[in-house]
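Results of the structural survey
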Amino acid sequence: MKRLAIPFFLMMYVMGTVNAQTKPAAKKSPVKTAPSAKTKATVAPAIKPQDIEEGKMLLTKSDCLACHKVDTKVVGPAYADVAKKYPYSAANVELLSSKIINGGSGSWGAVPMAAHPSLAAADAKKMVTYILSLNAK
Ligand code: HEC
C-alpha cells in the first residue's frame, strides 16, 4: 500500500506543477476574447434564410395553425402582431420558444397557449425565427 501511495502522490504533485505552469498561458487568450464574445451574444444573430424556411415548415406540420394565422387573430395572436411586438433578438427567440414549449398566458389575454413539451428547443427556435421574420416583410 505504501509503495503505491507514493507514486500516486508524486503524480498528483507533478500534474499540479504542470497545471500551474500551463495556466498563465491558457488564461491569456480567453481574457482577451471574452469581451467581444459577450457583446456578440447580446446582439441578434443574423436570421438564416434556411431557419425561416424550416420554421415555416415545422409550423405547418405542428398544431400551431389551429390557433394562429399570419395576419388575423384566431385563438392566439396573429403572427404578424407577435413579430411587431417582439423585435428579432436572441433573447426574444429564447423567451418565445420556451413559451411555446411550456405554454402560458398573459401576454395577449387570459386564454392560455397549450404547452408543447415534445417540441425540440431547436425546432421551437426556428418557428420563432420564422414568426419574427414576418416583421421584416
Ligand atoms: C390551443 C391553441 C394554440 C395552439 C395550438 C398554439 N398556440 Fe400559440 N398562442 C395561443 C394563445 C392563446 C396565445 C396567447 C398567450 C398569451 O396571451 O400569453 C399564444 C401565443 C403565442 C406566441 C406569443 C407568446 C407571447 O408570450 O407573446 C407565440 C410565438 C406562439 N403562440 C407560437 C405558437 C407556435 C409556434 C405554436 C405551434 C407549436 C402555437 N403557438 C400553438 C394559442 C395557441
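The present account deals with the structure reproduced in this document. All residue numbers refer to positions counted from 1 along the written sequence of the respective chain. Whole-chain, interface and lining totals are the exception, using all residues; otherwise, since this is a predicted model, local features are given only for residues with pLDDT of at least 70 and side-chain atom pairs are given and counted only at 80 or more.

1. Brief notes about the packing of helix α4 (residues 90-102) against helix α5 (residues 121-133)
Only C-alpha atoms enter the line fits that serve as axes; for helices the fit covers just the stretch in contact. Angles between N-to-C directions range over 0 to 180 degrees. Secondary structure is summarised from DSSP: a helix means a run of H or I of at least four residues, a strand means a run of E of at least two, and numbering begins at the N terminus for each. Between α4 and α5, whose axes approach to 8 Å, the crossing angle comes to 120°. One way to sum up the angle between α4 and α5 is to call them oblique. In this structure, α4 meets α5 at a crossing whose hand is right-handed. Counted together, Asn92, Val93, Leu96, Ser97, Ile100 and Ile101 of α4 and Ala121, Ala124, Lys125, Met127, Val128, Thr129 and Leu132 of α5 form the full contact between these two elements. Charged means Asp, Glu, Lys or Arg here, nonpolar means Ala, Val, Leu, Ile, Met, Phe, Trp, Tyr, Cys or Pro, and polar covers whatever is left, Gly included. For the contact of α4 with α5, the residue count by class is nine nonpolar, three polar and one charged. Angles below 35 degrees are treated as roughly parallel, those above 145 as roughly antiparallel, those between 65 and 115 as roughly perpendicular, and all remaining angles as oblique. Left-handed is the label given to a crossing in which the near helix is rotated counterclockwise from the far helix by less than a right angle, and right-handed is the label when the rotation is clockwise. Note on contacts: each residue gets a C-beta atom placed from the backbone, and two residues are in contact if those atoms are within 7 Å.

2. Points about the site of the ligand
To decide nearness, the C-beta atom of each residue is placed from the backbone, and the residue is near a molecule or strand if that atom lies within 6 Å of it. Around the ligand, a shell composed of 28 residues is seen, among which Cys64, Cys67, Gly76, Trp108 and Met113 lie nearest. Among the secondary structure elements, those contributing two or more residues to the shell around the ligand are α4 and α5. Looking at the shell around the ligand, its residues break down into 17 nonpolar, nine polar and two charged.

3. Regarding the environment of Ser133
In this structure, Ser133 sits in helix α5. Sequence spacing of Ser133 and Lys84 is 49 residues, and the spatial spacing of their C-alpha atoms is 9.8 Å. With residues near it in sequence (within four places) discarded, Ser133 still touches Ile47, Ile52 and Tyr88.

4. Here's the deal with the packing of helix α2 (residues 49-61) against α5
The geometry of α2 relative to α5 is characterised by a closest axis approach of 7 Å and an angle of 105° between their N-to-C directions. Judged by the angle between their axes, α2 and α5 are roughly perpendicular. Of the residues in α5, those touching α2 at Asp51, Ile52, Glu54, Gly55, Lys56, Leu58 and Leu59 are Asp123, Lys126, Met127, Thr129, Tyr130 and Ser133. Looking at the contact of α2 with α5 residue by residue, the class counts come to five nonpolar, three polar and five charged.

5. Topic: the environment of Ala114
For Ala114, the position within the fold is in the loop between α4 and α5. Buried residues are those with 20 or more other C-beta atoms within 10 Å of their own C-beta, exposed residues have 12 or fewer, and partly exposed residues lie in between; C-beta atoms are placed from the backbone. By the C-beta count within 10 Å, which is 13 here, Ala114 ends up partly exposed. Separated by ten residues in the primary sequence, Ala114 and Gly104 have C-alpha atoms spaced 7.0 Å apart.

6. Some remarks on the nonpolar core
Among the nonpolar cores identified, the biggest contains 13 residues, and Ala83, Met127, Val128 and Ile131 are the most heavily contacted of them. The greatest single-element share of this core, amounting to six residues, is contributed by α5. Once you skip the residues sitting within four places of it in the chain, Ile131 turns out to touch Tyr79, Val82 and Ala83. The term nonpolar core means buried Ala, Val, Leu, Ile, Met, Phe, Trp, Tyr and Cys residues held together as one set by C-beta atoms within 7 Å.

7. Describing α2
Take the residue count of a helix, subtract one, and multiply by 1.5 Å to get its expected span. Over its 13 residues, α2 extends 19 Å from the first C-alpha to the last, a length consistent with the 18 Å expected when each residue adds 1.5 Å. Among the residues making up α2, those that are buried are Asp51, Gly55 and Leu59. Down the axis of α2, the sector holding all buried residues measures 70°, keeping them to one side. Set apart from the buried face of α2 by more than 90 degrees, the exposed residues are Pro49, Gln50, Thr60 and Lys61. Looking at the buried side of α2, the elements it contacts are α5. Read the arc as the range of directions from the helix axis to the C-beta atoms.

Distances and angles like these do not, on their own, reveal function.
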